[in-house]
Amino acid sequence: MTRIRIAPSILSADFTCLARAVTEVAEAGADWIHVDVMDGHFVPNLTFGMPIVAALRRITPLPLDVHLMIEAPERYLEAFARAGADGLIVHVEACPHLHRVIQQIRELGLRAGVALNPATPLSALEEILPDVDQVLIMTVNPGFGGQAFIERMLEKVRRARKMIDALGRPIELEVDGGVGPENALALVEAGATVLVAGAYIFEAPQGQPAEAVQRLRKAIQPQ
C-alpha cells in the first residue's frame, strides 16, 4: 500500500520558533517539510530563499520539498541544491524551456517536480511527465496561505492520477492549498500521494502543530 506523505508547509509557521515547530511536526509523523519560495513577481507575495532552506537542513533530517514559485527558477537551482533541498518543484507557467530545467534539477541529484496553477490544463504535462519525479496540483491560486480549497480541483487530481498510472512510472502526485481533514481523504481517494498543509497545521486554533499532523493522518485512514 502506498504511504501517503504529509508535508507541512512552513509558509504558515511562526518564524520566531521555527525550529521547534519543525521538530514537533517531524516527531508527530510528518514525512517532508514543504518550503514555498515566492519572488513577488510570479506570485504576489515575497517569502524566503536559500538561507531558510539551509537553516532547515541543520535542524531536520526530513526531506526538504522546495516549491519555487518564482520567475526564471533555473538561475537558482544550484544554490538551492547547495542549501540542502532534496527536491525542487518548478512551475510549468514559469519555464519556457521546461525540459532543460527538469534536466538541470536531475543532474543536481534532486527529485524533480512540476507544478500547475489551478487554471493550467493537464495537457501541459503531456510532454514532460516521463521526465519528472512528482507533479504538484495547486488547489488554490498560489501566493498566500490560508485560502479555501477550489472544489473542482478534486476532479483535476483524478485526471492527473490517470495520466500518471497510464505512464507506469512511480511519480508522486502532490496537492497544495486548502488541505485539511475535511478533504484529505477525498484527495487521497482521487489519487494524491503527498498532502501539503500549512494553515491547518501551523495556524489551527484547536491545538499544536503536532496534534494537527496526527489529525490529518487519522483523517486519511479508510473508514
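A brief look at the structure comes next. Keep in mind the model is a prediction, meaning the values are calculated, not measured.

## Focus on the pattern of salt bridges
Then, in step 1: The tally for this structure, following the rule as stated, stands at ten salt bridges.
Then, in step 2: Asp-31 is the partner of Arg-3 in a salt bridge, and the nearest nitrogen-oxygen pair spans 2.8 Å. Residue Arg-3 is found in the segment before β1 (5-8), and its partner Asp-31 is found in the loop between α1 (18-27) and β2 (33-38); the two are separated by 28 residues along the sequence.
Then, in step 3: The shortest N-O distance in the salt bridge between Glu-172 and Arg-5 comes to 2.8 Å. Separated by 167 residues along the polypeptide, Glu-172 in strand β7 (residues 172-176) and Arg-5 in strand β1 bring together distant segments of the chain.
Then, in step 4: Taken together, the shared-partner salt bridges in this structure form one network comprising Arg-3, Asp-31 and Arg-217.

## Quick notes on the sheet that holds β2
Then, in step 1: Pairing within the open sheet is parallel, and its eight strands lie in the order β1-β8-β7-β6-β5-β4-β3-β2. Among the strands making up the open sheet, the edge pair consists of β1 and β2. In this sheet, neighbouring strand axes are inclined to one another by 25 degrees on average, regardless of whether the strands run parallel or antiparallel.
Then, in step 2: In terms of strand pairing, strand β4 (residues 87-91) meets strand β5 (residues 111-116) through five bridges, oriented parallel. Across the sheet, residue Leu-88 finds its bridge partner in β5, namely Ala-112.
Then, in step 3: Against the sheet, helix α2 (residues 50-59) contacts β2 and β3 (64-69), and its axis sits at roughly 170 degrees relative to β3.

## With respect to the packing of aromatic side chains
Then, in step 1: One pass over the full model with this rule turns up one aromatic pair.
Then, in step 2: Stacked on the ring of Trp-32, the Lys or Arg Arg-111 has its end atom at 4.0 Å from the ring centre.

## Overview of the pairing of β3
Then, in step 1: The buried fraction of β3 amounts to six of the six residues, a majority that puts the element mostly inside the structure.
Then, in step 2: Sheet topology note: the β2/β3 ladder contains six bridges and is parallel. By the bridge assignment for β3, Val-35 is matched with Val-66.
Then, in step 3: Traced from β2 through α2 to β3, the parallel crossover comes out right-handed.

## Section: the nonpolar core
Nonpolar side chains tend to gather and get buried jointly when the protein is soluble and globular.
Then, in step 1: Core analysis: the biggest nonpolar cluster contains 68 residues, and Val-66, Leu-195 and Ile-201 have the highest contact counts within it.
Then, in step 2: Residue contacts for Val-66: discarding those within four places in its chain leaves Val-35, Val-37, Val-53, Phe-80, Ala-85, Gly-87, Leu-88 and Ile-89.
Then, in step 3: Counting residues in hydrophobic clusters, the runner-up holds five residues, among them Ile-89, Leu-136, Met-138 and Val-140.

## Some details on helix α8 (residues 209-219)
Then, in step 1: Of the residues making up α8, those classed as buried are Pro-209, Ala-210, Ala-212, Val-213, Leu-216, Arg-217 and Ala-219.
Then, in step 2: Packed against the buried residues of α8 are β1, α1, α6 (181-190), β8 (194-197) and α7 (199-202).

## Quick look at the packing of helix α5 (residues 153-167) against α6
Then, in step 1: Where α5 contacts α6, the axes come no closer than 8 Å and their chain directions differ by 30 degrees. Put simply, α5 runs roughly parallel to α6. Residue-level inspection shows Leu-154, Val-157, Arg-158 and Arg-161 of α5 in contact with α6, the latter providing Ala-186, Leu-187 and Ala-190.
Then, in step 2: Here the residues of the contact of α5 with α6 sort into five nonpolar, no polar and two charged.

## What about the pairing of β8?
Then, in step 1: Burial of β8 is two-sided: the residues Val-194 and Val-196 facing one way and the residues Leu-195 and Ala-197 facing the other way are all buried.
Then, in step 2: Where β1 lies against β8, four bridges are found, and the strand directions are parallel. In the sheet register, Arg-5 faces β8, and the bridge partner there is Val-194.
Then, in step 3: In this view, the connection linking β7 to its parallel neighbour β8 by way of α6 has right-handed handedness.

Thresholds, definitions, all that
- Residues numbered from 1 in each chain as written.
- Predicted model: local features only at pLDDT ≥ 70, side-chain atom pairs only at ≥ 80, totals over all residues.
- Heavy atoms only, no water.
- Salt bridge = Lys/Arg side-chain N within 4 Å of Asp/Glu carboxyl O.
- Helix = DSSP H or I, 4+ residues; strand = E, 2+ residues; numbered from the N terminus.
- Pairing = 2+ DSSP bridges.
- Axes fitted to C-alpha atoms, helices over the stretch in contact; angles between N-to-C directions.
- Contact = heavy atoms within 4.5 Å.
- Phe/Tyr/Trp six-rings, centres within 6.5 Å; stacked < 30°, edge-to-face > 60°.
- Lys NZ or Arg CZ within 6 Å of the ring centre and 35° of its normal.
- Buried < 20%, exposed > 50% of the residue type's maximum accessible area, 1.4 Å probe, protein only.
- Right-handed = clockwise from strand over helix to strand, strands pointing away.
- Core = buried A, V, L, I, M, F, W, Y, C linked by side-chain atoms within 4.5 Å.
- Parallel < 35°, antiparallel > 145°, perpendicular 65-115°, else oblique.
- Nonpolar A, V, L, I, M, F, W, Y, C, P; charged D, E, K, R; others polar.

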